[in-house]
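What follows is the residue order along each chain.
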Amino acid sequence: MRTGVVLAGNLNGIAVLKVIGAGSFEHSFSLRQHCDYLIQCGTNQFLVDLTECTYLDSTFLGTLARPALKLRKTGGTLRVAGSSRRVLESIRTLGLDRLFECVESLVPYDASGLRPLEAGVPHKETTGELLLRAHQTLLECDPKNAPKFQDLVSYLEAEVAPTDRGDSR
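So, a few notes on the structure that sits alongside this text. In this text the structure is predicted, and so the values were computed from the model without any measurement.

About the thresholds
- Counting from 1, residues in each chain are numbered in the order their sequence is written.
- The predicted origin of the model limits local features to residues at a pLDDT of at least 70 and limits the giving and counting of side-chain atom pairs to 80 or more, whereas totals for whole chains, interfaces and linings rest on all residues.
- Only hydrogens and water are set aside; all other atoms, that is, all heavy atoms of the structure, feed into the side-chain values.
- Numbering goes from the N terminus for both helices and strands, where a helix is a DSSP run of H or I of at least four residues and a strand is a run of E of at least two.
- Expected helix span is taken as 1.5 Å per residue step, with the number of steps being one fewer than the number of residues.
- For every residue, the accessible area (1.4 Å probe, protein chains only) is compared with the maximum for its type, and the residue is labelled buried under 20%, exposed over 50%, or partly exposed between those bounds.
- The arc under discussion is defined with respect to the helix axis, by the directions toward the C-beta atoms.
- Strand pairing is defined by DSSP finding a minimum of two bridges between the two strands.
- Contacts between residues were defined by any pair of non-hydrogen atoms, one from each residue, lying within 4.5 Å.
- Inter-axis angles, ranging from 0 to 180 degrees, are taken between N-to-C directions of lines fitted to C-alpha atoms, where helices are fitted over the stretch in contact.

Before going further, it helps to spend a moment on the environment of Tyr109. Within the element layout of this structure, Tyr109 appears in the loop between β5 (101-103) and β6 (115-116). Along the backbone, Tyr109 and Leu11 are 98 residues apart, and their C-alpha atoms lie at a distance of 8.3 Å.

Spelled out as structure tokens, the structure:
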């Protein structure tokens, strides 16, 4: 499994997420909680710094797309910046370049105040729900993702207990 670190902080009222190495399933639970909390607190501008990112898996991207959809509804933005060609291709392949504001370069900033988000999923029973929500979001973002993820979503819908689905979009 690929590993990495996701750092989080605030820069002049903008929520900053910096992915170093791989952004993967292992970071998705804390990423979701962190973004949901910030949006509930009124944060409407996010910057995702991908200058040191080597890989993003579909669960991480689906988890990141969820707050972007919420922000779009309220006039906010989620900007991704500085990604490699490979990472940008992953974003484009899933149609997320139409949801995220993608910029090539990033104005230098002081990242010393960023702190790591926890990796891992705190409860085994939330794993299926996390995978389900992330991939449902990818289907919602672009119907062209159906051939890639519909079978997985259907399987997870059947496996995830109805009580685990209480998370409102």
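Once you've had a look at it, read on.
A few words now on helix α5 (residues 146-159). Taking 1.5 Å per residue, 14 residues should reach 20 Å; α5 reaches 19 Å between its end C-alpha atoms and fits that length. What α5 keeps buried is the set Phe149, Val153 and Leu156. Across the axial projection of α5, the buried residues extend over an arc of 70°, all falling on one side. Turned more than 90 degrees from where α5 packs its buried face, Pro147, Asp151, Tyr155 and Ala158 sit exposed.

A few words now on the sheet that holds β5. Taking strand neighbours across the sheet as the criterion, the six strands line up as β5-β4-β3-β2-β1-β6 in an open arrangement whose pairing is mixed. Each of the sheet's edge strands pairs with one partner strand only, and the pair in question is β5 and β6. Along the sheet, helix α1 (residues 25-40) makes contact with β1 (4-11), β2 (14-23) and β3 (45-56), crossing β2 at roughly 175°.

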